[in-house]
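Each chain, letter by letter, is given below.
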Amino acid sequence: MPDLHPDLPRAEFEALGHDVIELLADYYADLQSAPAFPGCQPADVAALFDAPPPDRGEPVSAILADWRDKIIPNSSRQGSPRWFGFVNGSGSQIGALADALASTVNPNCGGWRASPAATEIERRTVRWLAELIGYNPDCGGVFLSGGTMANVAALRTALCAKATWDINAEGLQSRNGAGPMTVYMADHETHVSLVRAVDLLGLGRSALRAVPSRKDFTIDVGALEQMLDVDIAAGSTPFCVVGHVGSINVGAIDDINGLADIAGRRNLWLHLDGACGALGGMLPELRPQLAGMSRADSVSFDAHKWLGVPYEAGCLLVRDIEALRRTYAMHATYLLPASDNEYSGLNYFDYGPQLSRGWRALKVWMTLRYYGADGIRTFFRQTMACAKRLHELVSGSDDFEVVQPAPLLYIYSFRWAPKELRGDDALLDQLNQRISDELQRRLLAFAMTTRIRGRVTQRLSICSHRTTVADIEATFENMRAIGQELLQGL
Ligand SMILES: Cc1ncc(COP(=O)(O)O)c(C=O)c1O
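In every chain, residue numbers begin from 1 and rise along the written sequence. Confidence filtering applies because this is a predicted model: local features only for residues at pLDDT of at least 70, side-chain atom pairs given and counted only at 80 or more, and all residues used for totals across whole chains, interfaces and linings. Working from all heavy atoms in the structure, the side-chain values ignore hydrogens and water.

## Concerning the sheet that holds strand 10 (residues 448-452)
By way of backbone hydrogen bonds, the strands of a sheet pair with one another, either parallel or antiparallel.
Part 1 of the reasoning: A pair of strands is labelled paired if DSSP reports no fewer than 2 bridges between them. Strands are runs of DSSP state E lasting at least 2 residues, helices are runs of H or I lasting at least 4, and numbering of each runs from the N terminus. With antiparallel pairing, four strands are arranged side by side in an open sheet as 8-9-11-10. Only two strands of the sheet have a single partner each, and these edge strands are strand 8 (400-402) and strand 10. The sheet shows a mean angle of 45 degrees between the axes of neighbouring strands, taken without regard to direction.
Part 2 of the reasoning: Helix-sheet contacts for helix 14 (residues 425-441) involve strand 9 (411-416), strand 10 and strand 11 (455-461), and the interaxial angle to strand 11 is about 30 degrees.
Part 3 of the reasoning: Should any heavy atoms of two residues lie within 4.5 Å, those residues are counted as being in contact. Each axis is a line fitted through C-alpha atoms, taken for helices only over the stretch in contact, and angles between the N-to-C directions span 0 to 180 degrees. Here helix 15 (residues 469-488) sits on the sheet and contacts strand 8, strand 9 and strand 11; the angle it forms with strand 9, its principal contact strand, is near 25 degrees.

Encoded structure:
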């Protein structure tokens, strides 16, 4: 058998690196003109990769050819200025390069000794972000895969902090348990990640209590108080309230101070799900809406959304770092030496649910340094200006309908509803879905629908730093034109 080396000779590695950089540069160069959604179907894409596992190594040129010919043509371009689906960030170039650098060093960011610089960069990045959004910079914090896992990690921390018995020792099945442990959040905009959280924690979905929302989709704090009283009288043990900072359909921001007052009076944990909007704390103009964020016990947000850092980059901040340690610290003789020495640093495996961890912080740290806080603020304002422009277009037209207050952030829902069809909600539901489908089918943009108060509605998440007002105007006109065609075909 010929000698097999894991690594290439340096000159070959450099040449390969150049080839890869060319492919990356091609990708970015095409972003403006290539369709956001490739319009391919699952079975066709699956067939392209239908191959047995490789017994023998292949030339790297064949692997990269597949990247160019099979992978990119069948990939959605979430970095496109006309990608408005889910809440997907646009992916910074510096973040992409940071991922390559991070993978090269390949630290396991669970233990300090395996990741000295990486750990300190994560600690510093958490501190920067906390400071930038107006949270306590001395908080604990950890990068996770995304907002879902951040919510799971936050709720586990809340449970451990608020249960009157030792959750880690006895679990939810303890004889000392005090009735069903319950969590509260607004009913309309509850994100499904909270369902995942109660599932994974074994609390049961009935533990998630949906509090009536007000007209502006924020939680009704009066109704929350009443629900807490009723639940306690029925034997439940409320332990946590979750507030929205940027809700999934309309970007609503709950009355954070109102929630903090209730949580404080009743000894509840206040978690803010800021996956979409907590980073808005960087903007002075949003500070009034976000006042009180520093009073929350924990805040989660996604750097892979509005900050534009490549996936995955969720983050959880917890005001009292000890609460994280009490929840997650584990002891195993093979993880730590028998006694501390001068190399004993912060072990992130004691502050979050993961043991082995990739170096997510590097791409966040580099993105923040590269653009600076002012650069990021400019991007945020641009996305917000796009959402405001969309609201103007919808408000000023007679074939679209406003379904939410003026957008505070970059997520905006609205409905196509020409005068002739108003009142026929079932038909409008169907046609709104068709507009969204046609937009995808014609490769004009990628947008999705949702339901607002039960009705099918257009929903644009204008999260991309590459989107301009012109992209919004063109997408709106495309929706209108498709709507007109549908109307004529009725
Ligand atoms: C409000 C809210 N919370 C949590 C999440 C979950 O985040 P992730 O998809 O990163 O797990 C999302 C995702 O869109 C969200 O909008």
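## Focus on the site of the ligand
Part 1 of the reasoning: Gly147, Thr148, Asp273, Asp302 and His304 are the nearest of the 14 residues found near the ligand.
Part 2 of the reasoning: Nitrogen and oxygen atoms within 3.5 Å of one another constitute a polar contact, given that in protein one can donate a hydrogen and the other can accept it, and given that sequence-neighbouring residues count only through two side-chain atoms. Gly147 is positioned such that a nitrogen or oxygen atom in its backbone is 2.9 Å from an oxygen atom of the ligand.
Part 3 of the reasoning: Here an oxygen atom of the ligand and a side-chain polar atom of Asp302 are 2.8 Å apart.
Part 4 of the reasoning: Calculation of accessible area relied on Shrake-Rupley with a 1.4 Å probe; when residues are assessed, cover is drawn exclusively from the protein chains displayed. Within the complex, the protein chains bury 84% of what would otherwise be the 400 Å² of accessible surface of the ligand.
Part 5 of the reasoning: Tallying contributions element by element places helix 6 (residues 147-162) first for the shell around the ligand, with three residues. Consider each residue's heavy atoms; a residue with any of them within 4 Å of a molecule or strand counts as near.

## What about the sheet that holds strand 1 (residues 140-144)?
Part 1 of the reasoning: On the basis of which strands lie adjacent, the open sheet formed by seven strands has the order 1-7-6-5-4-2-3 and mixed pairing. The open sheet terminates on both sides in strands that have one partner only, identified here as strand 1 and strand 3 (208-211). Pairwise comparison of adjacent strand axes, ignoring direction, gives a mean angle of 20 degrees for this sheet.
Part 2 of the reasoning: Sheet topology note: the strand 6 (residues 298-302)/strand 7 (residues 314-318) ladder contains five bridges and is antiparallel. Looking across to strand 7, one finds that Ser300 is bridged to Leu316.
Part 3 of the reasoning: Contacts from helix 9 (residues 221-233) reach strand 2 (181-186), strand 3 and strand 4 (237-244), with the element oriented near 140 degrees to strand 3.

## Thoughts on the pattern of salt bridges
Part 1 of the reasoning: Think of a salt bridge as a Lys or Arg side-chain nitrogen and an Asp or Glu carboxyl oxygen that are within 4 Å of each other. Within the structure shown, the criterion is met by 34 salt bridges.
Part 2 of the reasoning: Here Asp302 and Lys305 are joined by a salt bridge, their closest N and O atoms 2.4 Å apart.
Part 3 of the reasoning: Relative accessibility thresholds used throughout: buried, under 20% of the residue-type maximum; exposed, over 50%; partly exposed, between the two (1.4 Å probe, protein chains only). What makes Asp302 buried here is its relative accessible area of 1%.
Part 4 of the reasoning: Lys419 is the partner of Asp398 in a salt bridge, and the nearest nitrogen-oxygen pair spans 3.5 Å. With Asp398 in the loop between helix 13 (361-395) and strand 8 and Lys419 in the loop between strand 9 and helix 14, this residue pair connects regions lying 21 residues apart in the sequence.

## Things to note about the environment of Arg360
Part 1 of the reasoning: Within the secondary structure layout, Arg360 lies in the loop between helix 12 (321-328) and helix 13.
Part 2 of the reasoning: Every residue in contact with Arg360, bar those within four places of it in the chain, is listed here: Phe143, Leu144, Ser145, Glu312, Ala313 and Gln354.
Part 3 of the reasoning: In terms of polar contacts, Arg360 uses its side chain to reach the side chain of Glu312, at 3.4 Å.
Part 4 of the reasoning: A distance of 3.0 Å separates the side chain of Arg360 from the side chain of Gln354, its partner in a polar contact.

## Some details on the packing of helix 5 (residues 116-133) against helix 13
To describe two helices that pack against each other, one gives the angle between their axes and the distance between the axes.
Part 1 of the reasoning: Contact pair helix 5 / helix 13: the axes reach a minimum separation of 9 Å and the direction vectors enclose 30 degrees. In this view, helix 5 runs roughly parallel relative to helix 13, as classed from their interaxial angle. Helix 13 is crossed by helix 5, and the crossing has left-handed handedness. Contacts from Ile121, Glu122, Thr125, Trp128, Leu129 and Leu132 in helix 5 reach Ala361, Leu362, Val364, Trp365, Leu368, Arg369, Ala373 and Arg377 in helix 13.
Part 2 of the reasoning: For this scheme, ten residues count as nonpolar: Ala, Val, Leu, Ile, Met, Phe, Trp, Tyr, Cys and Pro. Four count as charged, namely Asp, Glu, Lys and Arg, and the remainder, Gly too, count as polar. A breakdown of the residues in the contact of helix 5 with helix 13 according to their chemical character gives 10 nonpolar, one polar and three charged. Roughly parallel here means an angle under 35 degrees, roughly antiparallel means over 145, roughly perpendicular means 65 to 115, and every remaining angle is called oblique. The handedness criterion is simple: a crossing whose near helix is rotated anticlockwise from the far helix by less than a right angle is left-handed, and one whose near helix is rotated clockwise is right-handed.

## With respect to the nonpolar core
Side chains of a nonpolar character, in soluble globular proteins, are inclined to be buried together.
Part 1 of the reasoning: By size, the foremost hydrophobic cluster in this structure holds 63 residues, and its most contacted members are Trp306, Leu307, Leu317 and Val364.
Part 2 of the reasoning: If one sorts the elements of this core by residue count, helix 13 sits on top with eight residues.
Part 3 of the reasoning: Counting only domains with at least three residues in this core, you end up with domain 2 (107-333 + 342-358) and domain 3 (376-488).
Part 4 of the reasoning: Beyond its immediate sequence surroundings of up to four residues, Leu317 is in contact with Val126, Ala130, Ile133, Tyr135, Cys139, Gly140, Gly141, Asp297, Ser298, Val299 and Phe301.
Part 5 of the reasoning: Membership of the second largest hydrophobic core comes to 35 residues, among which are Leu159, Leu201, Leu208 and Val318. In this description, a nonpolar core means a group of buried Ala, Val, Leu, Ile, Met, Phe, Trp, Tyr and Cys residues linked to one another through side-chain atoms lying within 4.5 Å. The split of the chain into domains comes from an automatic or database domain assignment.

## Thoughts on the pairing of strand 4
Part 1 of the reasoning: Taken across its eight residues, strand 4 has seven buried, putting it largely inside the fold.
Part 2 of the reasoning: Pairing between strand 2 and strand 4: four bridges, direction parallel. By the bridge assignment for strand 4, Thr182 is matched with Pro238.
Part 3 of the reasoning: Here strand 4 runs beside strand 5 (residues 269-273); their pairing, made up of five bridges, is parallel. In the sheet register, Val241 faces strand 5, and the bridge partner there is Leu270.
Part 4 of the reasoning: Each parallel crossover has a hand, and for strand 4 linked through helix 10 (residues 256-266) to strand 5 it is right-handed. By convention a crossover is right-handed if, when the strands point away from the viewer, the path from the first strand over the helix to the second runs clockwise.

## Some remarks on the domain arrangement of the chain
Part 1 of the reasoning: Here the chain is described as being made up of domain 1 (10-77), domain 2 (107-333 + 342-358) and domain 3 (376-488).
Part 2 of the reasoning: Inter-centroid distance (C-alpha atoms) of domain 2 to domain 3 is 31 Å.
Part 3 of the reasoning: The interface of domain 2 with domain 3 comprises 26 residues on the first partner and 22 residues on the second.
Part 4 of the reasoning: Two parts lose some accessible area (1.4 Å probe) when they are put together, and adding that loss for both gives the buried area. Carbon and sulfur atoms supply 64% of the area buried between domain 2 and domain 3, which totals about 2100 Å² over both sides.
Part 5 of the reasoning: Joining domain 2 to domain 3, the criterion identifies one salt bridge.

## Quick notes on the environment of Ala329
Part 1 of the reasoning: Within the secondary structure, Ala329 is located in the loop between helix 12 and helix 13.
Part 2 of the reasoning: Accessibility expressed as a relative area gives 25% for Ala329, which makes it partly exposed.
Part 3 of the reasoning: Separated by 18 residues in the primary sequence, Ala329 and Asn347 have C-alpha atoms spaced 9.3 Å apart.

## Details of the environment of Ser436
Part 1 of the reasoning: Note on placement: Ser436 falls in helix 14.
Part 2 of the reasoning: Take Ser436: its relative accessible area is 1%, and that puts it in the buried class.
Part 3 of the reasoning: Ignoring anything within four residues of it in the chain, the contact list for Ser436 reads Ala447, Met448, Thr449 and Gln458.

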